Each structure stands twice: as C-alpha cells, then as structure tokens.
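Here are the chains, one letter per residue:
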Amino acid sequence: MIHKHASAVWTGSLKEGGGTVTTQSGAITGLPYSHATRFADKKGANPEELVGAAHASCYAMFLSALMSGAGIGGITVEATSTIGLDPATDGGPTVKTAALSVRVKADADAAAIRDFAEKAKTGCPISKLLRADVTLELTIL
C-alpha cells in the first residue's frame, strides 16, 4: 500500500487564528489558510480547494488510464472539481457536493469517451475517498 500525507497546523481561535498546510513531497510547504480564505472569499488556500485539486487531478489521471488501457490515443483531459461547502448546515459546515466539469479530446467516439468518463467518476480513488469511512488516531498533549 502506498501512503502519502499532508499536515496542518492551526494556531488561535477560528476567526482570528490561522494555519499552514504542508505536503510530504514538499510541493506545498507552509501554505497559509484562514477563516477568511475559507468563508469570506479572501484570496488564499482552503481545505475545499485542496480537495478539489486532488479530485480533479485524480479524475483526469484515472480517465486517461482507462482510455489508454483500452488502446485509445491522443488523450487530453481537462478536469475541474468544484467542492460545495454549506456553512449553515446543522452541526457545522458540511461538504455536500463534488461537481466534476471535464473536457476530453481523444481518438475515440463520443459514446466510448462518455462511458469511460462515467466509470472514472465512480472509480477514481479520490471519488471513492469522498465516500470513505474516516478513522481517527488522537494524541492529547
């Protein structure tokens, strides 16, 4: 099994505090995020945007794998995943949607591309993650 990780540090209260996100690979290091970047449209990172990036990149890669595995060539996949966060949900803000918008160019007919696109929607690992059980390991300092 392959394991990858990212970490976040948050200091202070929800509205006045702030945090940083870092990935294992170092592609993201100390990326700041805050209440304002998540809920008030201030420019900067937020968890939903990072999930959207993971979903879009995973989907594009998986769709390409499905099509190339079937012998299709000339593949270009442009994917956007828009993550919908409802801040007013009972019990706290809740991610409710992940909407994929995809443009595909490939040496195949539209019906075949559509079939592979639907398979990729449910089969890509991040799509599966969005339906996954979440576990927790807690250390109290």
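All of these numbers come straight from a predicted model, not from anything done at the bench.

1. A word on the environment of L63
At step 1: Along the chain, L63 falls in helix α2 (residues 47-69).
At step 2: Classification of L63 by relative accessible area gives buried; the value is 0%.
At step 3: Residues L63 and R38 lie 25 residues apart in sequence; the distance between their C-alpha atoms is 30 Å.
At step 4: With sequence-adjacent residues up to four places away left out, L63 is seen in contact with V77, V102, V104, F116, A117 and A120.

2. Quick word on the nonpolar core
At step 1: Of all hydrophobic cores here, the largest spans 14 residues; its most connected members are Y59, L63 and M67.
At step 2: If you list the elements that add at least two residues to this core, you get α2 and α3 (110-123).
At step 3: By residue number, the principal contributor to this core is α2, which donates five residues.

3. Regarding a nonpolar patch on the surface
At step 1: Together, L136, L138 and I140 make up an exposed nonpolar region whose accessible area comes to about 410 Å².
At step 2: Position of I140 relative to the elements: it lies in the segment after α4 (125-129).

4. Focus on the packing of aromatic side chains
A ring pair, where both rings are aromatic, is described by two values, the distance of the centres and the angle of the planes.
At step 1: Summed over the entire model, instances satisfying the criterion amount to one aromatic pair.
At step 2: Judged by centre distance (5.2 Å) and plane angle (55°), the ring pair of W10 and Y33 falls under tilted. A residue pair is termed long-range when its members are at least 10 positions apart, and W10 in strand β1 (residues 6-11) and Y33 in strand β3 (residues 31-34) qualify at 23 residues.
At step 3: Relative accessible area serves as the criterion here: at 16%, Y33 is assigned to the buried category.

5. Digging into the side chain of N46
At step 1: In this structure, N46 sits in the loop between α1 (35-39) and α2.
At step 2: What makes N46 buried here is its relative accessible area of 11%.
At step 3: A polar contact of 3.3 Å, which involves the side chain of N46, links it to the backbone oxygen of T37.
At step 4: Within the structure, the side chain of N46 is placed 2.7 Å from the backbone nitrogen of E49, a separation counted as a polar contact.
At step 5: Setting aside chain neighbours within four positions, we find N46 in contact with Y33, T37 and R38.

6. A short note on the pattern of salt bridges
At step 1: Under the definition given, this model contains five salt bridges.
At step 2: Across the pair R38 and E48 runs a salt bridge whose closest N-O atoms are separated by 2.5 Å. One end of the pair, R38, is in helix α1; the other, E48, is in helix α2, with 10 residues separating them in the sequence.
At step 3: Measuring nitrogen to oxygen at the nearest pair gives 3.1 Å for the salt bridge that ties K119 to D115. One end of the pair, K119, and the other, D115, are both in helix α3, four residues apart, so they sit about a helical turn from each other.
At step 4: K119 gets classed as partly exposed once you look at its relative accessible area, which sits at 44%.

What counts, and at which threshold
Residues numbered from 1 in each chain as written. Predicted model: local features only at pLDDT ≥ 70, side-chain atom pairs only at ≥ 80, totals over all residues. Heavy atoms only, no water. Helix = DSSP H or I, 4+ residues; strand = E, 2+ residues; numbered from the N terminus. Buried < 20%, exposed > 50% of the residue type's maximum accessible area, 1.4 Å probe, protein only. Contact = heavy atoms within 4.5 Å. Core = buried A, V, L, I, M, F, W, Y, C linked by side-chain atoms within 4.5 Å. Patch = residues over 30% accessible without salt bridge, like charges linked within 9 Å, V, L, I, M, F, W, Y side chains within 5 Å. Areas by Shrake-Rupley, 256 points an atom, 1.4 Å probe, with all protein chains shown as cover. Salt bridge = Lys/Arg side-chain N within 4 Å of Asp/Glu carboxyl O. Phe/Tyr/Trp six-rings, centres within 6.5 Å; stacked < 30°, edge-to-face > 60°. Polar contact = N/O pair within 3.5 Å; in protein donor to acceptor, adjacent residues only side chain to side chain.

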